[in-house]
Amino acid sequence: VQLQASGGGLVQAGDPLRLSCAASGRTFSSYVMGWFRQAPGKAREFVGAISRGGISTRYADSVKGRFTISRDNAKNTVYLQMNSLKPEDTAVYYCAADLIHLDPSAYATNYDYWGQGTLVTVSS
């Protein structure tokens, strides 16, 4: 499984931004997909995750109500719509695929494959 994240960039506080993550393989619909982020000097943290069929999602408290994760299984792509961005959202954002579990998980150790990351910078 190869994951390619894109869509990062420099935005101002309050702006929206949408990240995409394209996956290789013909079994994308069988992966739980997650987004994580890592700010400079900080540990990687969970952002959000979505179930295989897209019905179930979960989010970190810090982004709940501002970020929305969705997926298009026909396009092998998962999205992260980020609204009302804050400077503290500045980080490298990673998508990840969980091939084993059924439910969206916040645990990085549950994810088997990771994308290369895309940088999001939010200026104040």
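S.K.: What am I meant to see in the state of the cysteines here?
M.R.: Here is the idea: a disulfide is a covalent bond, and it sits between the sulfur atoms of two cysteines. The final tally for this structure, using the stated rule, is 1 disulfide. Here Cys 21 is linked by a disulfide to Cys 95, with a sulfur-sulfur distance of 2.1 Å. Looking down the S-S bond of the Cys 21 and Cys 95 bridge, the torsion is 60°, so its handedness is right-handed. Of this pair, Cys 21 sits in strand β3 (residues 17-23) while Cys 95 is found in strand β9 (residues 91-98), placing the two residues 74 residues apart along the sequence. With relative accessibility at 0%, the residue Cys 95 sits in the buried group.

S.K.: Help me understand the pattern of salt bridges, please; the structure alone is not making it clear to me.
M.R.: One pass over the full model with this rule turns up 4 salt bridges. Residue Glu 45 is joined to Arg 37 by a salt bridge in which the shortest nitrogen-to-oxygen separation is 2.6 Å. The partly exposed category is assigned to Glu 45, whose relative accessible area is 34%. A relative accessible area of 4% means that Arg 37 is categorised as buried. The closest approach of N and O atoms between Arg 66 and Asp 89, which form a salt bridge, is 2.8 Å. Taken as a pair, Arg 66 in the loop between β6 (57-59) and β7 (67-72) and Asp 89 in the loop between β8 (77-82) and β9 lie far apart in primary sequence, 23 residues in all. The class for Arg 66 is buried, based on a relative accessible area of 11%. Looking at Asp 89, the relative accessible area reads 1%, which means it is buried. Beyond isolated ion pairs, a larger network of salt bridges with shared partners links Arg 37, Glu 45, Arg 66 and Asp 89.

S.K.: Explain the environment of Gly 54 here, please?
M.R.: Tracing the backbone through its elements, the reader meets Gly 54 in the loop between β5 (45-50) and β6. Exposure remark for Gly 54: the relative accessible area of 28% places this residue in the partly exposed category. Considered as a pair, Gly 54 and Val 78 are 24 residues apart in the sequence and their alpha carbons are 9.5 Å apart.

S.K.: Even after reading the chapter, I still don't get unusual backbone geometry, so can you show me in this structure?
M.R.: Excluding glycine, a negative phi dihedral is what most residues carry, and trans is how most peptide bonds are arranged. The residue Asn 76 is not glycine, and still its phi comes out positive at about 55°. Taking the relative accessible area as the measure of exposure, Asn 76 reaches 18% and is therefore buried. Notably, Ser 84 is not glycine yet its phi reads approximately 50°, a positive angle. Structurally, Ser 84 is set in the loop between β8 and β9. Judged by its relative accessible area of 41%, Ser 84 is partly exposed.

S.K.: Hey, could you run me through the environment of Val 11 in this one?
M.R.: The residue Val 11 is located in strand β2 (residues 9-12) in this model. Looking at Val 11, the relative accessible area reads 10%, which means it is buried. Along the primary structure Val 11 and Phe 28 are separated by 17 residues, whereas in three dimensions their C-alpha atoms are 30 Å apart. Those residues within four positions of Val 11 in sequence are excluded, and the remaining contacts are Pro 16, Leu 17, Leu 85, Thr 121, Val 122 and Ser 123.

The rules we used
Residues numbered from 1 in each chain as written. Predicted model: local features only at pLDDT ≥ 70, side-chain atom pairs only at ≥ 80, totals over all residues. Heavy atoms only, no water. Disulfide = S-S within 2.5 Å. Helix = DSSP H or I, 4+ residues; strand = E, 2+ residues; numbered from the N terminus. Buried < 20%, exposed > 50% of the residue type's maximum accessible area, 1.4 Å probe, protein only. Salt bridge = Lys/Arg side-chain N within 4 Å of Asp/Glu carboxyl O. Contact = heavy atoms within 4.5 Å.

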